Amino acid sequence: MLVALQGGALPPKTLLWGGDAEGGAPFVEADPADASRVRGFDVEVAETIARGLSRRARFVQVQWSSIDQSVERGDFTIGMSGMEDTPARRTRHAVTVPYFEFREVLAVRPEDADRWRSLADLRGRRVATLGATMAYDLLLAANLTAISYDDDVHPYSDLVAGRVDAVLLDHIIAERALRRSSPPNPAFVGASPAGVPFVIQPQAVATGYYVGVLAKADSLLRDSVNAVLVAAMRDGTLEQIYRRWNVWDEGQGDLFRRVQGAQGDLFRRVQGAQGKMVGAQHAAPLQIQAYLPSLARAALITLLLSFVSMGIAVIVGLVLATARVYGGTVTRALATVYVEVVRGTPLLLQLFVIYYGLAGVVRLPAFLAAVLALGLNYAAYEAEIYRGALEAVAAAQLEAARTLGFSETQILRLVRGPQALRYALAPMTNDFVALLKDSSLVSVITVVELTKQTAIYATNSGSWIVPGLLCAVVYLAMSLPLAHLARRFERRWSTP
Amino acid sequence: MTALLRITDLGVRYGARDVLRGLSLEVRRGEIVALMGPSGVGKSTALRAIAALQSFSSGRIEVDGFALEPGPVPPQSRLTPLRRQVGLVFQAHALFEHLSAKANVTLALRHVLGKTEAEADTVARDLLDSLDVGARAEAWPRQLSGGEAQRVAIARALALDPALLLLDEPTAALDSTRRGALSATLRSLATGDAGRGLLIATHDAEFVRGTADRVVTLAP
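Reading the values: rules and limits
- Residues numbered from 1 in each chain as written.
- Chains lettered and ligands numbered in written order.
- Predicted model: local features only at pLDDT ≥ 70, side-chain atom pairs only at ≥ 80, totals over all residues.
- Pairing = 2+ DSSP bridges.
- Helix = DSSP H or I, 4+ residues; strand = E, 2+ residues; numbered from the N terminus.
- Axes fitted to C-alpha atoms, helices over the stretch in contact; angles between N-to-C directions.
- Parallel < 35°, antiparallel > 145°, perpendicular 65-115°, else oblique.
- Left-handed = near helix turned anticlockwise from the far one by under 90°.
- Contact = placed C-beta atoms within 7 Å.
- Nonpolar A, V, L, I, M, F, W, Y, C, P; charged D, E, K, R; others polar.
- Domains from an automatic or database assignment.
- Buried ≥ 20, exposed ≤ 12 C-beta atoms within 10 Å, placed from the backbone.
- pLDDT = per-residue confidence, 0-100.

1. Section: the sheet that holds strand β4 (residues 56-61) of chain A
Residues and elements named next belong to chain A. Strand order in the open sheet formed by 5 strands is β4-β1-β5-β13-β6, and the pairing between neighbours is mixed. Either end of the sheet is taken by a strand with one partner, and the two such strands are β4 and β6 (94-95). By the bridge criterion, 2 bridges tie strand β1 (residues 14-19) to strand β5 (residues 78-79) in an arrangement that is parallel. Each bridged residue has a counterpart across the sheet, and for Trp-17 the counterpart in β5 is Ile-78.

Set out below in structure tokens:
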């Protein structure tokens, strides 16, 4: 199976293809026998394409949500890692013919299997999925509460834990999650040892296709890739690959026939075959107007998250600073350990520990976990600011207060605290602005705040320019007034 | 007349170094006593020990019947009788920088003596007027001259109406005119109705000659 390159250019020896090994099997995963290599059906499809182009496939690791942007940047030639065929992607990139048909399927807890069979049954319920996917858009179009995840493991563990009511994802992912949990996996907190942790509804919500994504300028090369793929469908190469990875089903055979039959006028007819939905229509690419309400909501979540977290940080920080300045040996040591441990470990890790690590003890809602993680993390930094500010108040001021008969508590409240507050105000403002931006990290535990919503919008629209600018403007609109307010306080509280 | 302050053989040691050794003195009501000696001889240390701001290693301090013994400074809660009897004016004044001149004076009146805002205001204004800084009541500490800041610091120290007033190098930042005015002010504090005792740590011999009733000299 060798296809001549169209365009006549001398081909390089290597075909760089991009994918995300974090997505795991059966798409792309690190080879257990040799972690420097990858394996999976997408890997084999990419190798088939490379062979057909007389090249050698070389894998480039890239975050799944960045594949579109990376391929246009020229980081690699073709992106293949369960890349969904969407109208937006077809408009912005050169996409190949579909090479795999997937079904969007609902997973629910066994006790809910009879009542929640379709999206319509889930109105008002929390449905988990991956952000920036066709499934996410389907949930938005159905006016459901879409809980966005960055990975495809935690949606199912949270389903079993009762944090979400259903999961909508590709059938390959759902079946893999079910396999992983049987025998019951400790990650699925709450699963009955005897029973299945969740069930996959047999009726697909929608059907979609995986495609290869090339840069818009590589449309000639894309046509060559299409020819390789069609040939691989015809000679059974793709079927063998899919059977090896246990992802072959009759739907793939139907897809292959449609694609091969469409060869005469490949694009028009294949695209006619694409987008076939069962029970729901795939949402059209959402334009800026459609995303504005989501962005506004996400901005509000960012603000609320930041204010509540900062409130916690200030209160806990004050307690810690007071303990470090006034406490006995043990109290001081405990406060110091807290500050050093929290400052010395990544906020991301703390988010995971509070949300997922504690799930066996207490199942915190995502927003509460986010607020706690941010608040407790920033408390360590606030504590150091307050301690420094308290210690910056001249010792003579404290002695003067003592000679006047004030108790130590009164000295803190009436003399030391008010003066320390002035010293602390500027760094506190700085921290608050930093927290406002760090709040974007909480998207890893499903809280869709401004940056996450922007990323979803950017992925959907295929460009970061408009979403990025819009996001930056909103962040500035939130942070600049804060800085202005802080300067006013500083002026008001400053003595001549 | 019974001594308001009696110090017997006071010694302060930092590690192996004696910073004050064998100080004995008495101050009676209505009397101004100057504690003199070259820099570093322990004058300020003696005032700080009397005000229970630092520990001492030997001797005894007695203020109107309240005794301080060698060892760690007692907790603030056990020093209330002493705090009501002893006021201290720091060399650098140590005014509360976040409060106006008047608020520096009213703070202890309100939060230590429990006076109302109006009562505290009246006392503070009277004190500031008597020290000739009433016009600067609303000024911030940084807006005050050295002499004004010192008089506000004296007013603050007098807010609790102490019987004994300690002053650390009160003439350090004053010109000769202001020294004269300060001398008159201190004399009036000692001889007024309250009849306070004053202990002044200074190395300003000229000021001492025109102000003090007695001089105690610390040898290096």
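2. A look at the packing of helix α7 (residues 219-234) of chain A against helix α9 (residues 250-261) of chain A
Residue and element names in this part refer to chain A. Viewed as axis vectors pointing N to C, α7 and α9 meet at an angle of 130°, and their least axial separation amounts to 10 Å. It follows from the interaxial angle that α7 and α9 lie oblique. α9 is crossed by α7, and the crossing has left-handed handedness. Contact residues: α7 offers Val-230, Met-233 and Arg-234, while α9 offers Phe-256, Val-259 and Gln-260. Looking at the contact of α7 with α9 residue by residue, the class counts come to 4 nonpolar, 1 polar and 1 charged.

3. Here we look at the sheet that holds strand β2 (residues 17-28) of chain B
Across a sheet, strands are paired by hydrogen bonds formed along the backbone, either parallel or antiparallel in direction. Residues and elements named next belong to chain B. The antiparallel open sheet is built from 4 strands, whose spatial order is β2-β1-β4-β5. At either end of the open sheet lies a strand with only one pairing partner, and these are β2 and β5 (66-68). Recorded for the sheet is a direction-independent mean angle of 15° between the axes of neighbouring strands. The pairing of strand β4 (residues 58-63) with β5 spans 3 bridges and is antiparallel. When the bridges of β5 are listed, Val-63 appears paired with Phe-66. Contacts from helix α1 (residues 43-50) reach β1 (3-14), β2 and β4 within the one sheet, and its direction differs from that of β1 by about 120°.

4. Describing the domain arrangement of chain A
We note that the domain assignment places domain 1 (14-98 + 211-273), domain 2 (101-206) and domain 3 (288-493) within chain A. With 10 residues of domain 1 of chain A at the contact, the number on the domain 2 of chain A side is 6 residues.

5. Here's the deal with the interface of chain A and chain B
Each side of the interface is counted separately: chain A has 18 residues, and chain B has 23 residues. Sorting the residues of the side of chain A that touches chain B by element identifies α15 (395-403) and α16 (408-438) of chain A as the ones contributing at least two each. Residue classes in the side of chain A that touches chain B are distributed as 8 nonpolar, 7 polar and 3 charged.

6. Some thoughts on α1 of chain B
Residue pairs spaced three or four apart in an α-helix point in one direction, given the helix's 3.6 residues per turn. Residue and element names in this part refer to chain B. Among the 8 residues that make up α1, 8 are buried, leaving the element largely enclosed by the rest of the structure. For α1, the complete set of buried residues consists of Lys-43, Ser-44, Thr-45, Ala-46, Leu-47, Arg-48, Ala-49 and Ile-50. Note on α1: the residue one or two positions beyond its end, Ala-52, has a positive phi of about 55°.

7. Quick look at unusual backbone geometry
Residue and element names in this part refer to chain B. Although it is not a glycine, Asp-9 adopts a positive phi angle of roughly 50°. As for its position among the elements, Asp-9 is in strand β1. One non-glycine residue, His-93, adopts positive backbone phi at about 75°. Within the fold, His-93 resides in the loop between β6 (86-89) and α3 (101-111).

8. Structural notes on the pairing of strand β7 (residues 100-108) of chain A
Residue and element names in this part refer to chain A. Counting buried positions along β7 yields 8 of 9 residues, so the element is predominantly enclosed. Relative to strand β10 (residues 166-170), β7 is paired through 5 bridges, and the arrangement is antiparallel. Directly across from Val-105, in β10, lies its bridge partner Leu-169.

9. Points about the confidence of the model for chain B
The share of residues in chain B with pLDDT of 70 or more is 99%, and the mean pLDDT across the chain is 91. The ipTM value of the predicted complex is 0.93, and its pTM value is 0.70.

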